[in-house]
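# Coordinates in review
Take a look at the letters that make up each chain.
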Amino acid sequence: MQRWINGPDFLSQSMENWPERPADMGDIPSDDPEIKKDAKVYATAKNTSNPILTAFERVSSWNKLKKIMAWVLRYKTNLRKRAKDCDDNDTPPEKQDDTKAFKTITVQEMNEAEREILRLVQNDSYPDEIRCVAQCDPQNSQGKRKSIRKSSHIYKLDPIVVNDLLCVGGRLQQAPIDNEAKHPIILPKKHHVVNLIIRHFHNLSGHSGTEYTLL
């Protein structure tokens, strides 16, 4: 006990009588319990983001985004058509007139591009809900709601699928209003594409308030 209070005896002597520090302390054994071992953690990063949606974040206009998607869909359609012609004729197709491929985007193509963009956003945000609704009987609303997790943000919206898009369900089937008003398309509140849509209609309404933008 006195050693803990007073320290070693050589401390009370002059420094000349202190023991010399050895030049080599020797190797410390790896199993020494006083040695703290380094913790090693291994982690694997998996990128699950959709590259198409990542590319959407580079676009700052809703109309521009729809035009880009319209060109992509037209290009895909042309490739499929040429591949089908090759399979049918067993010969490479003749070179087509490039002017046909660069015609002005039509209104129908813009509408198809809009639906495709919204479908990609929904598949990224509500994959489980879309799968549950697709597996249920469309006439059985109660069974459909039971299949969707109650923790889902859109559980109370009674979602249904209309034209391959997840829409709000409910009891407005017989209401004398447009289908878009009966079954609005469900979109996540925090998404770059949704922000583009809100900004677009906010500008169209003359920078009016929230109630005019939502209408």
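Since this is a predicted model, take the numbers as computed values, not measurements.

### Considerations on the overall build of the protein
Counting its secondary structure elements, the protein contains 10 helices and 2 strands. When its helices and strands are written in sequence order, the protein yields α-α-α-α-α-α-α-β-β-α-α-α. Out of the 215 residues in the protein, the part that is buried amounts to 23%. Of the contacts formed within the protein by residues at least 6 apart in sequence, a portion of 52% connects residues at least 24 apart. Approximately 17900 Å² of the protein is accessible, and the part contributed by carbon and sulfur atoms is 52%.

### Considering the pattern of salt bridges
Any two side chains of opposite charge can pair, on the condition that their charged atoms come close. If you walk through the whole model with that rule in mind, you get 5 salt bridges. The residue D128 makes a salt bridge to R149 at a minimum N-O spacing of 3.7 Å. Of this pair, D128 sits in helix α6 (residues 127-135) while R149 sits in the loop between α7 (141-147) and β1 (160-162), and the two are 21 residues apart along the sequence. Judged by relative accessible area, D128 falls into the partly exposed class, the value being 30%. Classification of R149 by relative accessible area gives partly exposed; the value is 44%. A single network of salt bridges, built from pairs that share partners, joins D128, R131 and R149.

### What to know about the environment of R119
Positionally, R119 belongs in helix α5 (residues 107-125). Judged by its relative accessible area of 28%, R119 is partly exposed. Polar side-chain contacts of R119 include one of 2.4 Å to the side chain of E116.

### Points about the packing of aromatic side chains
For any pair of aromatic rings, the description rests on two quantities: the centre-to-centre distance and the angle between the ring planes. Taken as a whole and judged by the stated rule, the model has 1 aromatic pair. With a centroid separation of 5.6 Å and an interplanar angle of 75°, the aromatic rings of F10 and W18 are classed as edge-to-face. F10 sits in the partly exposed class, given a relative accessible area of 28%. A residue is classified by how much of its surface remains accessible, and W18, at 32% relative accessible area, is partly exposed.

### Some points on the nonpolar core
Of all hydrophobic cores here, the largest spans 21 residues; its most connected members are F56, W62, L65, M69, I117 and V193. The set of elements that each furnish at least two residues to this core consists of α2 (51-56), α3 (62-89), α5, β2 (165-167) and α9 (192-204). It is α5 that provides the largest number of residues to this core, a total of 6 residues. Residue contacts for M69: discarding those within four places in its chain leaves F56, A113, E116, I117 and L120.

### Examining the side chain of H183
With respect to the helices and strands, H183 occurs in the loop between α8 (179-182) and α9. For H183, a relative accessible area of 10% gives the class buried. Here the side chain of H183 touches V168 through a polar contact of 2.8 Å, landing on its backbone oxygen. Not counting the four nearest positions on each side in its chain, H183 is found in contact with I160, C167, V168, G169 and Q173.

### Let's talk about α6
Residues separated by three or four positions in an α-helix point in the same direction, a consequence of the helix having 3.6 residues per turn. Where α6 is concerned, the buried positions are E129, C132 and V133. Looking down the long axis of α6, one finds its buried residues gathered within 95° of arc, a one-sided arrangement. Residues of α6 that are exposed and point more than 90 degrees away from the buried face comprise A134 and Q135.

### Some words on the confidence of the model for the protein
Looking at the protein as a whole, its pLDDT mean stands at 81, while 84% of the residues score no less than 70. The element-level mean pLDDT for the protein is lowest in α7, coming to 55, with α5 highest at 94.

### Observations concerning unusual backbone geometry
With a phi angle near 55°, N163 is a residue other than glycine that sits in the positive phi range. With respect to the helices, strands and loops of the structure, N163 is situated in the loop between β1 and β2. Positive phi values are uncommon outside glycine, yet D164 reaches one of about 65°.

The rules behind these values
Residues numbered from 1 in each chain as written. Predicted model: local features only at pLDDT ≥ 70, side-chain atom pairs only at ≥ 80, totals over all residues. Heavy atoms only, no water. Helix = DSSP H or I, 4+ residues; strand = E, 2+ residues; numbered from the N terminus. Buried < 20%, exposed > 50% of the residue type's maximum accessible area, 1.4 Å probe, protein only. Contact = heavy atoms within 4.5 Å. Areas by Shrake-Rupley, 256 points an atom, 1.4 Å probe, with all protein chains shown as cover. Salt bridge = Lys/Arg side-chain N within 4 Å of Asp/Glu carboxyl O. Polar contact = N/O pair within 3.5 Å; in protein donor to acceptor, adjacent residues only side chain to side chain. Phe/Tyr/Trp six-rings, centres within 6.5 Å; stacked < 30°, edge-to-face > 60°. Core = buried A, V, L, I, M, F, W, Y, C linked by side-chain atoms within 4.5 Å. Arc of directions from axis to C-beta. pLDDT = per-residue confidence, 0-100.

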